[in-house]
Amino acid sequence: MRNVCCVDVPLSRCVCVLCVCSHVVCALFFGSVYYQLSSGLSAPDYTNRMALLFFCTTYQIMTHQKTVPIMFNDRLLFYRERSAGACSAFPFWVSVSFLQLPIAFVDTLVFAGIIYSMAGLGGSFSFFWGVLYLTSVAGFQMATLVASVSPSPMAAISLFMVCLFWVFSFSGFLVFIPEFAYWLRCWAPYTSFVRWGFQGVVLNEFVNNDSLPLGQLYIDNLGFDTYNQEHCAGLIPLFIFIYSVLAWLALHCLSFERR
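Note that the structure is predicted; figures quoted are calculated from it, not measured.

What counts, and where the lines are drawn
- Residues numbered from 1 in each chain as written.
- Predicted model: local features only at pLDDT ≥ 70, side-chain atom pairs only at ≥ 80, totals over all residues.
- Heavy atoms only, no water.
- Salt bridge = Lys/Arg side-chain N within 4 Å of Asp/Glu carboxyl O.
- Helix = DSSP H or I, 4+ residues; strand = E, 2+ residues; numbered from the N terminus.
- Buried < 20%, exposed > 50% of the residue type's maximum accessible area, 1.4 Å probe, protein only.
- 1 Å grid on protein atoms, 1.4 Å probe; cavity = no way out; pocket = protein on both sides within 12 Å on 5 of 7 lines; lining within 4 Å.
- Points joined across faces, edges and corners; volume = space filled by probe spheres on them.
- Nonpolar A, V, L, I, M, F, W, Y, C, P; charged D, E, K, R; others polar.
- Arc of directions from axis to C-beta.
- Contact = heavy atoms within 4.5 Å.
- Core = buried A, V, L, I, M, F, W, Y, C linked by side-chain atoms within 4.5 Å.

Caption draft 1: Local environment of the pattern of salt bridges. Under the definition given, this model contains one salt bridge. Linking Glu205 and Arg49 is a salt bridge whose minimum nitrogen-to-oxygen distance equals 2.5 Å. One end of the pair, Glu205, is in helix H8 (residues 193–206); the other, Arg49, is in helix H2 (residues 43–62), and 156 residues separate them in sequence. Comparing Glu205 with Arg49, the two get one shared label, buried.

Caption draft 2: Here's a closer look at empty space enclosed by the protein. All chains considered together, the criterion is met by two cavities of 30 Å³ or more. Counted as a void, the second largest cavity has a volume near 30 Å³. With three residues, the top contributor of residues to the lining of the second largest cavity is H8. Of the residues belonging to the lining of the second largest cavity, the class tally is five nonpolar, two polar and one charged.

Caption draft 3: Local environment of helix H9 (residues 215–222). All of the buried residues along H9 are Gly215, Tyr218, Ile219 and Leu222. Projection of H9 onto a plane perpendicular to its axis shows the buried side chains occupying an angular sector of 105°, all on one side. In this fold, the buried residues of H9 make contact with H2 and H8. Note on H9: the residue one or two positions beyond its end, Gly223, has a positive phi of about 85°.

Caption draft 4: Representation of the side chain of His64 in the model. Take His64: it is sitting in the loop between H2 and helix H3 (67–83). Not counting chain neighbours up to four residues away, the residues in contact with His64 comprise Gln100, Ser136, Gly139, Phe140, Ala143 and Phe160.

Caption draft 5: Inspection of the nonpolar core at higher detail. Formed by 72 residues in total, the largest nonpolar core has its most connected members in Leu52, Ile115, Phe128 and Phe193. No other element matches helix H5 (residues 125–149), which puts 14 residues into this core. Apart from the residues lying within four places of it in its own chain, the contact partners of Ile115 are Ala27, Phe30, Gly31, Leu52, Cys56, Gly120, Leu121 and Phe128.

Caption draft 6: Molecular detail of the environment of Ser97. Positionally, Ser97 belongs in helix H4 (residues 89–119). On the accessibility criterion, Ser97 (5% relative accessible area) is buried. A C-alpha to C-alpha distance of 11 Å links Ser97 and Val245, two positions 148 residues apart in sequence. Once you skip the residues sitting within four places of it in the chain, Ser97 turns out to touch Phe140 and Gln141.

Fair warning: the whole summary comes from geometry, so function is off the table for now.
Structure below.
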């Protein structure tokens, strides 16, 4: 039998438009709150920038909560087509995963462009946008994995919130990494892709920025002095790969179809 794509195209198009609009609105909101951030030696010059960068990073993941109910609608269609021998797990997984790439590209580019100009951020814009893009794709793959292993939408939403709590808690902003107990610090922050995204944009903003002369001090306090920004950005695709492979395995091996 010929493999076919099982994605609900009209629903996906509607979500794409709404997603772009939500990114524009939220970017304008964040840009207004953190409009033209000041530079210098005072603590707010640094803490405000860290807060904005954290919000920019975490927003990319939170927007993918909508993926969970959409994935369940698509999964029901996938189960029906698989039972008829018309679709297998791999093409369905490919269609779902690769459909998100151009959407995230546009969403994060618009979002990053508005934030970067309104807040007056420094560093490389392309790196700032690239990290947000990778973080968004990783968040989408995490949401897809959660939806793939959950028996019901309510269970998936609950599990997704648990995953958010984990990756946010060990991002290095809510609690600085050196402040964790050693038994937790030596492994837990490495499991959070948000940590690597947040660390990457912080280093991009603070390193070699003449308008922020105390940047290295804050980098040391955050515990971000061990890995450079390129290393951080290079680790996020590893999470994307792991989440996507696990999601495919879940679709291939698990079935919550009710007859």
